[in-house]
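The residues making up each chain are set out below.
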Amino acid sequence: MTRKLLSSIFTMMLLIGCQTDPGVNIETKKKIETFENLTVGTKQNITSAILNEERPIIISLPKDYENSNADYPVLYLTDGLQNIWHAIGTLEVLTRTGSAPPMIVVGIESTNRMRDFTLTANENITGSGGGKNFLAFIEKELIPYIESNYRTNDYRVLEGHSLGGLFTASTLMERPDLFSSFIIMSPSLWWNGEELTEKGKVFFKANPDLNKVMFFGIGTYESSPDYGMRKELKNFLDVIAENQPENLRFNRKEIDWEGHMSSVLLSNYYGLKYIFSDMAFEESLYENYTDEKFLKHENNIMDKYGKAAKQSAESYVSLASSLRQQERYSEAITVLKRSVTAYSFDVGLMNFLANTYEKNDDVDAAIETLKKAIATSKENNYNREEEFEDQIKRLLGEKGS
């Protein structure tokens, strides 16, 4: 069965209520009884001895942070006040659809971009060249603060735009072990006559074991392909390609019809999707499925990105549907049990699991799963209890006959 057909199957399941959004109350209330403030994050000030200033940061925690004991990757944003709004919205969508793991986001507010984002000085630009101090602040003060006060794992992403993109690329070469992945958006690689590109010719050749992920995004309206920022980025990427370490993964995306300031939203989106693309099932899992391969994949992404990492519900249903088509019901159950663990609110997945238990002639397990669906439906006001109770009655009648 093709992936396209499986996708159609899942669409049909959605139409009959396979997945339920916990944020939607099926019974529309006539009036709003309570108000809840929705916030992007909390703003804090860190006293930096290295920078000799109070540095504002914004910390955004994953939705279920307080109700879990999971450890989370951390996304560090330069120009945090400017970028955190769209970054949080994008990450919420990608997390909900299984394209990225839940993450802690730390937005670092800028106080002097020219000073902080340039690791070398330019004699024509007063105050430039303080980037090594800014990097030391991140390494020795900010990261230890975040990791001592929040539940983090060791996967860190650094993201920057324009001069912040220059800083992000420079950080890879200056402190290659500090971050796991880099999202570099519209970088100012023109700095000091493209000196970072020249440095890259030595760096990438000298680090053949470099194991990182890099994403580069830029708008097509930022310059011609033959000069300016798009050409300077191509020059830098050519250097990587010519000296590419075996385990370095990188990609460039040109955002059509977007300029320097508007391309960041989509660069962030494509960057996060690219960095975490290894979360998705490989096609070979459909072609040569075993429980061992499936569970190994799931455990690997949880080990790497935290135990809250998961596939999209669509991916689990698609894989389970393929196995059901082959009447491999016990293996479909393995996939669906994982999906229910990952989406504990989703009574549609529970219903699909119960049906698969029934197909596998395990009526007792089907009934127990439907009972859990009833409890979850009550807890979230889904109003599907009667539907599941009728299924239990049918199963009990068939079992007793």
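In this numbering scheme, every chain counts its residues from 1 along its sequence in written order. For a predicted model such as this one, the threshold for reporting local features is a pLDDT of at least 70, and the threshold for listing and counting side-chain atom pairs is 80 or more; totals across whole chains, interfaces and linings nevertheless cover every residue. In computing side-chain values, all of the structure's heavy atoms are included and hydrogens and water are not.

### Considerations on the pairing of strand 4 (residues 104–108)
Part 1 of the reasoning: Accessibility here uses a 1.4 Å probe with only protein chains present; expressed as a share of the type maximum, an area under 20% marks a residue as buried, one over 50% as exposed, and anything in between as partly exposed. Counting from the N terminus, the helices are the DSSP runs of H or I reaching at least four residues and the strands are the DSSP runs of E reaching at least two. Buried residues dominate strand 4, accounting for five of its five residues.
Part 2 of the reasoning: Alternating positions in strand 4 separate into two faces, Ile 104, Val 106 and Ile 108 on one and Val 105 and Gly 107 on the other, with burial throughout.
Part 3 of the reasoning: Sheet topology note: the strand 2 (residues 53–60)/strand 4 ladder contains four bridges and is antiparallel. Directly across from Ser 60, in strand 4, lies its bridge partner Val 105.
Part 4 of the reasoning: A pair of strands is considered paired only if DSSP assigns at least 2 bridges between the two. Judged from the four bridges that link them, strand 3 (residues 72–77) and strand 4 form a sheet pairing that is parallel.

### Describing the packing of aromatic side chains
Part 1 of the reasoning: Aromatic rings from Phe, Tyr and Trp, with only the six-membered ring used for Trp, were paired whenever their centres fell within 6.5 Å, and each pair was classed as stacked if the ring planes differed by under 30 degrees, edge-to-face if by over 60, and tilted otherwise. All chains considered together, the criterion is met by 20 aromatic pairs.
Part 2 of the reasoning: Aromatic side chains Phe 134 and Phe 167 sit 5.1 Å apart centroid to centroid with 55° between the ring planes, which places their arrangement in the tilted category. One end of the pair, Phe 134, is in helix 4 (residues 131–149); the other, Phe 167, is in helix 5 (residues 163–174), and 33 residues separate them in sequence.
Part 3 of the reasoning: Overall, the relative accessible area of 2% leaves Phe 134 in the buried class.

### Quick look at the sheet that holds strand 4
Part 1 of the reasoning: The mixed open sheet is built from eight strands, whose spatial order is 1-2-4-3-5-6-7-8. Only two strands of the sheet have a single partner each, and these edge strands are strand 1 (42–48) and strand 8 (249–255). Averaged over all neighbouring strand pairs, the angle between strand axes comes to 20°, with direction disregarded.
Part 2 of the reasoning: Pairing of strand 1 with strand 2, which is carried by seven bridges, proceeds in the antiparallel orientation. In the strand pairing of strand 2, Thr 42 is matched with Ile 59.
Part 3 of the reasoning: The criterion used for residue contact is that any of the two residues' heavy atoms lie within 4.5 Å. Between N-to-C directions, angles span 0 to 180 degrees; the directions come from axes that are lines fitted to C-alpha atoms, helices contributing only their stretch in contact. Against the sheet, helix 4 engages strand 1, strand 2, strand 3, strand 4 and strand 5 (152–161), with an angle of about 50° to strand 2.
Part 4 of the reasoning: Against the sheet, helix 8 (residues 264–275) touches strand 3, strand 5, strand 6 (181–185), strand 7 (213–219) and strand 8, its axis set at about 155° to strand 6.

### Points about the packing of helix 13 (residues 347–359) against helix 15 (residues 385–400)
Part 1 of the reasoning: Interhelical geometry of helix 13 versus helix 15 gives an angle of 10° and a closest axis separation of 12 Å. In terms of orientation, helix 13 lies roughly parallel with respect to helix 15. Residues Val 347, Asn 351 and Glu 358 of helix 13 form the contact with helix 15, whose own contacting residues are Glu 387, Phe 388, Gln 391, Arg 394, Leu 395 and Glu 398.
Part 2 of the reasoning: A per-class count over the contact of helix 13 with helix 15 returns three nonpolar, two polar and four charged. Should an angle fall under 35 degrees it is taken as roughly parallel, and over 145 as roughly antiparallel, whereas 65 to 115 is taken as roughly perpendicular and any remaining angle as oblique. Gly is put with the polar residues, along with every residue not named as nonpolar or charged; the nonpolar set is Ala, Val, Leu, Ile, Met, Phe, Trp, Tyr, Cys and Pro, and the charged set is Asp, Glu, Lys and Arg.

### A look at helix 8
Part 1 of the reasoning: Expected span of a helix, by definition, is 1.5 Å for each gap between consecutive residues, and there is one gap fewer than residues. In this model helix 8 runs 16 Å from its N-terminal to its C-terminal C-alpha over 12 residues, within 8% of the 16 Å that 1.5 Å per residue would give.
Part 2 of the reasoning: Within helix 8, burial applies to Val 264, Ser 267, Asn 268, Gly 271, Leu 272, Tyr 274 and Ile 275. An end-on view of helix 8 places all buried positions within 160° of arc, on one side of the element. Along the arc lie the directions from the helix axis toward the C-beta atoms.

### So, the nonpolar core
Side chains that are nonpolar tend, in soluble globular proteins, to be buried together.
Part 1 of the reasoning: We call a set of buried Ala, Val, Leu, Ile, Met, Phe, Trp, Tyr and Cys residues a nonpolar core when their side-chain atoms join them within 4.5 Å. In this structure, Tyr 76, Ile 138, Leu 142, Ile 146, Phe 204 and Phe 236 are the most contacted members of the largest nonpolar core, which totals 49 residues.
Part 2 of the reasoning: Ranked by residues supplied to this core, first place goes to helix 4 with seven residues.
Part 3 of the reasoning: Those residues within four positions of Ile 146 in sequence are excluded, and the remaining contacts are Ile 57, Ile 59, Val 74, Tyr 76, Val 106 and Thr 152.
Part 4 of the reasoning: Membership of the second largest hydrophobic core comes to 35 residues, among which are Ala 332, Val 335, Leu 353 and Ile 392.

### A word on the confidence of the model for the chain
Part 1 of the reasoning: Within a predicted model, pLDDT stands for the predictor's per-residue confidence, ranging from 0 to 100. The predicted model of the chain averages 92 in pLDDT, with 91% of residues at 70 or higher.
Part 2 of the reasoning: Low pLDDT (under 50) marks residues 7–17, which in the prediction has 14 contacts with non-local residues, meaning those over four places away or in another chain.
Part 3 of the reasoning: Below pLDDT 50 for its whole length, residues 22–30 participates in nine contacts with residues either more than four positions away or in separate chains.

### Observations regarding unusual backbone geometry
Part 1 of the reasoning: Of note in this structure, Asn 52 is not a glycine but carries a positive phi near 60°.
Part 2 of the reasoning: For Asn 52, the location among the structural elements is in the loop between strand 1 and strand 2.
Part 3 of the reasoning: Of note, Asn 383 is a non-glycine position whose phi angle comes to about 65°, a positive value.
Part 4 of the reasoning: With respect to the helices and strands, Asn 383 occurs in the loop between helix 14 (363–380) and helix 15.

### Examining the pairing of strand 6
Part 1 of the reasoning: Within strand 6, five of the five residues are buried, which leaves the element mostly enclosed by the surrounding structure.
Part 2 of the reasoning: Side chains Ser 181, Ile 183 and Met 185 of strand 6 all project onto a buried face; the interleaved residues Phe 182 and Ile 184 project onto the opposite face, where all are buried too.
Part 3 of the reasoning: Taken together, the five bridges between strand 5 and strand 6 define a ladder with parallel strand orientation. If you follow Val 157 over to strand 6, its bridge partner there is Ser 181.
Part 4 of the reasoning: Seen with its strands pointing away from the viewer, a crossover is right-handed when the path leading from the first strand over the helix to the second is clockwise. A crossover connection joins strand 5 to the parallel strand 6 through helix 5; in handedness this β-α-β unit is right-handed.
Part 5 of the reasoning: In this structure, strand 6 lies alongside strand 7, joined through five bridges in parallel fashion. Residue pairing in the sheet places Ile 184 in a bridge with Phe 216 of strand 7.

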